[in-house]
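Spelled out, the chains give:
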Amino acid sequence: MRAVVMDRIGGPLEVREVPDPAPAAGGVVVRVRATGLCRSDWHAWAGHDDIALPHVPGHELAGTVAAVGAGVTGWAEGDRVTVPFVEGCGRCEWCASGNAQVCPDQEQPGFTHWGSFAEYVALHAADTNLVAVPAAVPFDAAASLGCRFATAYRALTARARLAAGEWVTVVGAGGVGLSSVMIARALGARVIAVDRNPGALDAAKALGAEYVLVSGGFEGSGGCSGAAGGSGVPGRVHEITGGGSHVAVDAVGSEQTAADSILSLRRRGRHVQVGLLPPVDGHPRIPMARAIAWELDLLGSHGMAAADYPGMLALIESGDLRPADLIERVIGLDEAAALLPGFDQASPAGLTIIDPHRKE
Ligand SMILES: [Zn+2]
Ligand SMILES: [Zn+2]
């Protein structure tokens, strides 16, 4: 099969022929029909994850089952499927309780094993992790669900318990941020979107953000010293909402964006950290004095288990959520290999989806 191969950390990526994968016991091989290009892939490329070389990235995928391993009972060749980016082991107490997203023995395609920037991908514990994709949901829309869309959905529902009429500030209008805007609107919340890229904010507005704020950039100082009513993003949010938003999401993952999110909250507000904050420059500074004084909830969110997909899929089938609207462009493997190294600096106004079988 053809695959995007990474031979060294931070090096160029090459599209080349590699052996077809075979299904493990309990697993399947999926013919990849669509796979998303995500900032997490860039983190792996940059060496922020522990990966074995050579490596194939890619963790947001949808396709059809091409081969079934021994012991799989729920799936057959030809089934339309997607998976969460965290594949639970299917045997531990967390998987048994429907919380495979925190399984201690989890696998992640594109991180712990070869991923979906390829014509085929092997997946583990199929009966725990595979999700059936309804015929009405196209593959490119389904591919967005496994990481950013599902993560945004779970962050706002199961973690922040966002209610209709509440204000939510979404910091970062990339894939997970735009997903958050769409989902928050579908839940009846009022949305403020923040980004450094005016084009991304136009997309946020089109999805229903009531206010958009251009941030001065995601790098810089002062993250921990910004005050309510002062300058910058938190001050503007406090003005707009009359005291701060009820919920805020850092969909980027930097010291500055995490602080902007936390300091934008009203008293007793809930912050959800979705953007990854690997301690590559030391542990990030977080404004804990505000969290204590205002009794803020600081919540982590790590994807969403297959067990929680039916509620989200029902909203997609009914048209209340439209992940296909978030897709900016569809590219082939060669273009993906060229794009990935610069993806931390890219400011796409929507999701970039790869079709591994596309003729280039
Ligand atoms: Zn992702
Ligand atoms: Zn498990």
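Keep in mind that this is a model prediction, so the values were computed, not measured.

Engineer: Tell me about the pattern of salt bridges, and name the residues and values.
Structural biologist: Two side chains that carry opposite charge are able to pair once their charged atoms sit near each other. Enumeration over the complete set of coordinates arrives at twelve salt bridges. In this structure, R148 engages E60 in a salt bridge whose closest nitrogen and oxygen atoms are separated by 2.8 Å. In this pair, R148 sits in helix 5 (residues 145-159) while E60 sits in the loop between helix 1 (39-45) and strand 4 (61-68), placing the two residues 88 residues apart along the sequence. Assigned by exposure class, R148 and E60 land together as buried. Across the pair R285 and E255 runs a salt bridge, and its minimum N-O distance is 2.6 Å. Residue R285 is located in the loop between strand 12 (265-273) and helix 10 (288-293), and its partner E255 is located in helix 9 (residues 255-263); the two are separated by 30 residues in the primary sequence. Residue R285 is classed as partly exposed on the basis of its relative accessible area of 46%. Since its relative accessible area comes to 25%, E255 is described here as partly exposed. Salt bridges sharing common partners tie together D7, E14 and R16.

Engineer: So what's going on with the packing of aromatic side chains? Residues and values would help.
Structural biologist: Using the criterion set out here, one finds one aromatic pair in the structure. Geometrically, the ring pair formed by W167 and Y211 is tilted, given 6.1 Å between the ring centres and 50 degrees between the ring planes. A residue pair is termed long-range when its members are at least 10 positions apart, and W167 in strand 8 (residues 167-171) and Y211 in strand 10 (residues 211-214) qualify at 44 residues. Taking the relative accessible area as the measure of exposure, Y211 reaches 34% and is therefore partly exposed. Residue placement shows R80 over the ring face of F139; its charged tip is 4.3 Å from the ring centre. If you follow R290 out to its NZ or CZ, it ends over the ring of W294, 4.1 Å from the centre.

Engineer: An account of the environment of V170 is needed here, citing residue identities and associated values.
Structural biologist: Looking at where V170 falls in the secondary structure, it is placed in strand 8. For the pair V170 and D250, spaced 80 residues apart in sequence, the C-alpha to C-alpha distance is 6.5 Å. If we skip the residues at most four places from it in the chain, V170 touches G177, S180, V181, V191, I192, A193, V194 and V249.

Engineer: An account of helix 9 is requested, with residue identities and associated values reported.
Structural biologist: Here helix 9 lies mainly inside the structure; eight of its nine residues are buried. Within helix 9 the residues assigned to the buried category are Q256, T257, A258, A259, D260, S261, I262 and L263. Buried residues along helix 9 sit in contact with strand 8, helix 8 (232-241), strand 11 (245-250), strand 12, helix 10 and strand 13 (297-300).

Engineer: Describe in detail unusual backbone geometry, supporting the description with residues and values.
Structural biologist: With an omega dihedral of -10 degrees, the bond running from L53 to P54 counts as a cis peptide bond. The backbone of A125 shows a phi angle near 40 degrees, a positive value even though the residue is not glycine. Within the secondary structure, A125 sits in the loop between strand 6 (120-123) and helix 3 (126-129). Backbone geometry at E295 places phi at a positive 50 degrees, although glycine is not the residue there.

Engineer: Run through the confidence of the model for the chain, naming residues and quoting values.
Structural biologist: In low-pLDDT segments, the atomic positions of the prediction should not be examined closely. In the predicted model, the chain carries a mean pLDDT of 91, and the fraction of residues at 70 or more is 95%. Every residue in residues 217-231 is under pLDDT 50, and counting partners more than four places away or in other chains gives 27 contacts.

Engineer: Can you tell me about the packing of helix 5 against helix 6 (residues 175-186), naming the residues and giving the values?
Structural biologist: The interhelical angle for the contact between helix 5 and helix 6, taken along N-to-C directions, is 50 degrees, at an axis separation of 8 Å. By the angle between their directions, the pair helix 5 and helix 6 is classed as oblique. The interaxial crossing formed by helix 5 with helix 6 has right-handed handedness. Contacts between helix 5 and helix 6 involve R148, F149, T151, A152, Y153 and L156 from the former and G175, V176, S179, S180, M182, I183 and A184 from the latter. Residues belonging to the contact of helix 5 with helix 6 are distributed by class as follows: eight nonpolar, four polar and one charged.

Engineer: Quick rundown of a nonpolar patch on the surface? Include the residues and the values.
Structural biologist: Taken together, the side chains of M288, I292 and L298 make up a nonpolar region of the molecular surface, amounting to roughly 280 Å² of accessible area. Its place among the elements puts L298 in strand 13.

Engineer: Can you tell me about the coordination of the zinc ion (ligand 2), naming the residues and giving the values?
Structural biologist: Coordination of the zinc ion (ligand 2) by the protein involves C89 (SG), C92 (SG), C95 (SG) and C103 (SG), with metal-donor separations of 2.3 to 2.4 Å. Geometry at the zinc ion (ligand 2) is tetrahedral, judged from its four donor atoms and the angles of 102 to 115 degrees they form at the metal.

Engineer: Go over the sheet that holds strand 9 (residues 190-195) with me, naming the residues and quoting the values.
Structural biologist: On the basis of which strands lie adjacent, the open sheet formed by six strands has the order 10-9-8-11-12-13 and parallel pairing. In this open sheet, the two strands that pair with only one neighbour each are strand 10 and strand 13. Taken pair by pair, the neighbouring strands of this sheet meet at an average axis angle of 20 degrees, ignoring direction. With four bridges connecting them, strand 9 and strand 10 associate as parallel partners. Residue V194 lies in a different strand from strand 10, and its bridge partner there is L213.

Calculation notes
- Residues numbered from 1 in each chain as written.
- Chains lettered and ligands numbered in written order.
- Predicted model: local features only at pLDDT ≥ 70, side-chain atom pairs only at ≥ 80, totals over all residues.
- Heavy atoms only, no water.
- Salt bridge = Lys/Arg side-chain N within 4 Å of Asp/Glu carboxyl O.
- Helix = DSSP H or I, 4+ residues; strand = E, 2+ residues; numbered from the N terminus.
- Buried < 20%, exposed > 50% of the residue type's maximum accessible area, 1.4 Å probe, protein only.
- Phe/Tyr/Trp six-rings, centres within 6.5 Å; stacked < 30°, edge-to-face > 60°.
- Lys NZ or Arg CZ within 6 Å of the ring centre and 35° of its normal.
- Contact = heavy atoms within 4.5 Å.
- pLDDT = per-residue confidence, 0-100.
- Axes fitted to C-alpha atoms, helices over the stretch in contact; angles between N-to-C directions.
- Parallel < 35°, antiparallel > 145°, perpendicular 65-115°, else oblique.
- Left-handed = near helix turned anticlockwise from the far one by under 90°.
- Nonpolar A, V, L, I, M, F, W, Y, C, P; charged D, E, K, R; others polar.
- Patch = residues over 30% accessible without salt bridge, like charges linked within 9 Å, V, L, I, M, F, W, Y side chains within 5 Å.
- Areas by Shrake-Rupley, 256 points an atom, 1.4 Å probe, with all protein chains shown as cover.
- Donors = N, O, S within 2.8 Å, 3.2 Å for Na, K, Ca; no water.
- Tetrahedral: all angles 85-135°; square planar, octahedral: opposite > 155°, others 65-115°.
- Pairing = 2+ DSSP bridges.

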